[in-house]
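Close look at the chain arrangement
One-letter residues, chain by chain:
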Amino acid sequence: SKLISALGKNYLEKAQLKQASNSFDAINILHKLSEKSSAEFGEIADSLVEAAAKIVEFSTIGFCCYDNTLQGWSVIAVRTFDKNYETYSETEVNINSSLIGETIRVCSTIFINPIIEDLIRVYPRESQNMGGFFASIPVKTNDNIYGALYIDGEKGILRYRGIPIE
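Scope of this entry: the structure provided in the associated data block.

1. Some thoughts on the nonpolar core
Core analysis: the biggest nonpolar cluster contains 17 residues, and Cys64, Val75, Val93, Ile100, Ile104, Val122 and Tyr150 have the highest contact counts within it. If you tally residues by element for this core, the top one is helix H4 (residues 99-106), at three residues. The residues touching Ile100, leaving out its near neighbours within four places in the chain, are Cys64, Val93, Arg121, Val122, Phe134, Ser136, Ala148, Leu149 and Tyr150. Core analysis: the next-biggest nonpolar cluster, separate from the first, contains 13 residues, Ala45, Val49, Ala52 and Ile61 among them.

What follows is the structure, encoded as structure tokens:
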């Protein structure tokens, strides 16, 4: 029983060390960005997505914002494990019919876990994620909303690198 206890303690300590390392990596990404004198908005979005990807488990994580070139809302930074992502991702996000759009319109966080109905999370033709989770968080200041970060995950629960988020 002492051996099992020691192994359990060792595993827990390694898991905590890995979490701390991932969090440090995420902070380091954002710190490097803050040291630049002039960062482009796309670069900021990429860094935000990359930092978030270091600390949460996901199948797709992205950043949606207003694109002046398209004159509409679009996902400008994304990381995904969904092999079908390119087949359904459009250039423009409809903020009137999607969950990410609701986050942007009402400037509030959405968290659905588990997904139990057919919802448009970002794109109308995206694969359904029944039993999975979806979270979208507005990126804002006191005066403006710049877009939203979204996290889509497979069946299970949203976790901070292994720890359930309730």
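2. Regarding the sheet that holds strand E1 (residues 60-67)
Spatially, E2-E1-E5-E4-E3 is the arrangement adopted by the five strands of the open sheet, whose pairing is antiparallel. Of all the strands in the sheet, the pair left with one neighbour each is strand E2 (72-80) and strand E3 (110-112). Sheet twist, expressed as the average angle between the axes of neighbouring strands with direction ignored, equals 20°. Strand direction decides the pairing type here: strand E4 (residues 133-140) and strand E5 (residues 145-153), joined by eight bridges, are antiparallel. Across the sheet, Phe134 pairs through a bridge with Asp152, a residue of E5. Seen against the sheet, H4 touches E1, E2, E3, E4 and E5 and runs at an angle of roughly 150° to E5.

3. Description of the pairing of E2
Here E1 pairs with E2 via eight bridges, running antiparallel. Of the residues in E2, the one forming a bridge with Phe63 is Ala77. The turn joining E1 and E2, which pair antiparallel and follow one another in sequence, is formed by four residues; a positive phi near 55° is taken by Gln71.

4. Some words on the packing of aromatic side chains
On inspection of all chains with the given rule, the structure shows three aromatic pairs. Relative to Phe81, the ring of Phe58 has its centre 5.3 Å away and its plane inclined at 35°; by these criteria the two rings are tilted. You can see Phe58 sitting in the loop between helix H2 (41-55) and E1 and its partner Phe81 sitting in the loop between E2 and helix H3 (85-88), a full 23 residues away along the chain. With 5.6 Å between their ring centres and 80° between their planes, Tyr66 and Trp73 make a pair best called edge-to-face.

5. Describing the layout of surface pockets
Put simply, the largest pocket is a space of about 230 Å³. Forming the walls of the largest pocket are twelve residues, and the residues nearest its centre are Ser59, Asp82, Ser127, Asn129 and Glu154. In terms of residue class, the lining of the largest pocket is built from two nonpolar, five polar and five charged.

6. Some words on the side chain of Ser136
Looking at the secondary structure, you find Ser136 in strand E4. Given the relative accessible area of 0%, Ser136 is considered buried. A distance of 2.4 Å separates polar atoms of two side chains, one belonging to Ser136 and the other to Thr103. When sequence neighbours within four positions are dropped, the list of residues in contact with Ser136 reads Leu99, Ile100, Thr103, Ser108, Thr109, Ile110, Leu149 and Tyr150.

How each quantity is defined
- Residues numbered from 1 in each chain as written.
- Predicted model: local features only at pLDDT ≥ 70, side-chain atom pairs only at ≥ 80, totals over all residues.
- Heavy atoms only, no water.
- Core = buried A, V, L, I, M, F, W, Y, C linked by side-chain atoms within 4.5 Å.
- Buried < 20%, exposed > 50% of the residue type's maximum accessible area, 1.4 Å probe, protein only.
- Helix = DSSP H or I, 4+ residues; strand = E, 2+ residues; numbered from the N terminus.
- Contact = heavy atoms within 4.5 Å.
- Pairing = 2+ DSSP bridges.
- Axes fitted to C-alpha atoms, helices over the stretch in contact; angles between N-to-C directions.
- Phe/Tyr/Trp six-rings, centres within 6.5 Å; stacked < 30°, edge-to-face > 60°.
- 1 Å grid on protein atoms, 1.4 Å probe; cavity = no way out; pocket = protein on both sides within 12 Å on 5 of 7 lines; lining within 4 Å.
- Points joined across faces, edges and corners; volume = space filled by probe spheres on them.
- Nonpolar A, V, L, I, M, F, W, Y, C, P; charged D, E, K, R; others polar.
- Polar contact = N/O pair within 3.5 Å; in protein donor to acceptor, adjacent residues only side chain to side chain.

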